[in-house]
Amino acid sequence: MSEFPASFSPIQLHNRLNRPVWVGFKIARRGSRQLVMLSAGADSGARLNKNFETFVGQIVREFKLDPEHTDFVELRQEKAESEGAAAGATHSWFRWHAQWVGSAPMECKADPVTSESARSYLDEVLLRSDAAA
């Protein structure tokens, strides 16, 4: 499970096929809002684009989160193909949106985080180890 950033905690969830998978997970609080950061890592069964509804429903129920006061973001890591010492991993952020019926998310979609200030904030939260779940 070393494919997750160090500040993430691995959490076992069940995907849409009811198979157990490991997902990187972190909760950060800012005022009355909560930020849930997720990363699928290398496990194809844990991809959020196919399992977001299933995963966040489990997270909301398990941690007793209020979906109306919780933001969900996904960290997608890609391996860089460049040569030399600069080769490594790059990452992208995606903000997930859902219509909530109780603790059940519906009509889920992800949008890339394009604002430089929002990406900087998420990178800062990613590096903090004190907010890990």
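Residues numbered from 1 in each chain as written. Predicted model: local features only at pLDDT ≥ 70, side-chain atom pairs only at ≥ 80, totals over all residues. Heavy atoms only, no water.

Draft legend 1. How the structure looks around the confidence of the model for the chain. Looking at the chain as a whole, the pLDDT averages 86, with 86% of positions reaching at least 70. Element-level pLDDT for the chain is lowest in strand S4 (residues 70–79), with a mean of 88, against a maximum mean of 95 in strand S3 (residues 33–39). (pLDDT = per-residue confidence, 0-100. Helix = DSSP H or I, 4+ residues; strand = E, 2+ residues; numbered from the N terminus.)

Draft legend 2. Structural context of the packing of aromatic side chains. All chains considered together, the criterion is met by four aromatic pairs. In this structure an aromatic cluster arises from ring pairing among Phe-52, Phe-72, Trp-96 and Trp-100. Between Arg-30 and the ring centre of Tyr-121, over which it is positioned, the NZ or CZ distance is 5.0 Å. One residue, Arg-76, lies across the ring of Phe-94, its end atom 3.7 Å from the ring centre. (Phe/Tyr/Trp six-rings, centres within 6.5 Å; stacked < 30°, edge-to-face > 60°. Lys NZ or Arg CZ within 6 Å of the ring centre and 35° of its normal.)

Draft legend 3. Summary view of the nonpolar core. Of all hydrophobic cores here, the largest spans 20 residues; its most connected members are Val-23, Phe-25, Val-36, Leu-38, Leu-48, Phe-55 and Phe-72. Looking at this core, the elements that each hand over two or more residues are strand S1 (9–14), strand S2 (20–30), S3, helix H1 (48–62) and strand S5 (89–101). With six residues, the single largest contributor to this core is H1. Sequence-distant contacts of Val-23, that is, excluding residues within four places in its chain, are made with Phe-4, Ser-9, Pro-10, Ile-11, Leu-13, Leu-38, Ser-39, Ala-46 and Phe-55. Counting 12 residues, the second-largest nonpolar core is a separate cluster that includes Phe-4, Phe-8, Met-37 and Leu-126. (Core = buried A, V, L, I, M, F, W, Y, C linked by side-chain atoms within 4.5 Å. Buried < 20%, exposed > 50% of the residue type's maximum accessible area, 1.4 Å probe, protein only. Contact = heavy atoms within 4.5 Å.)

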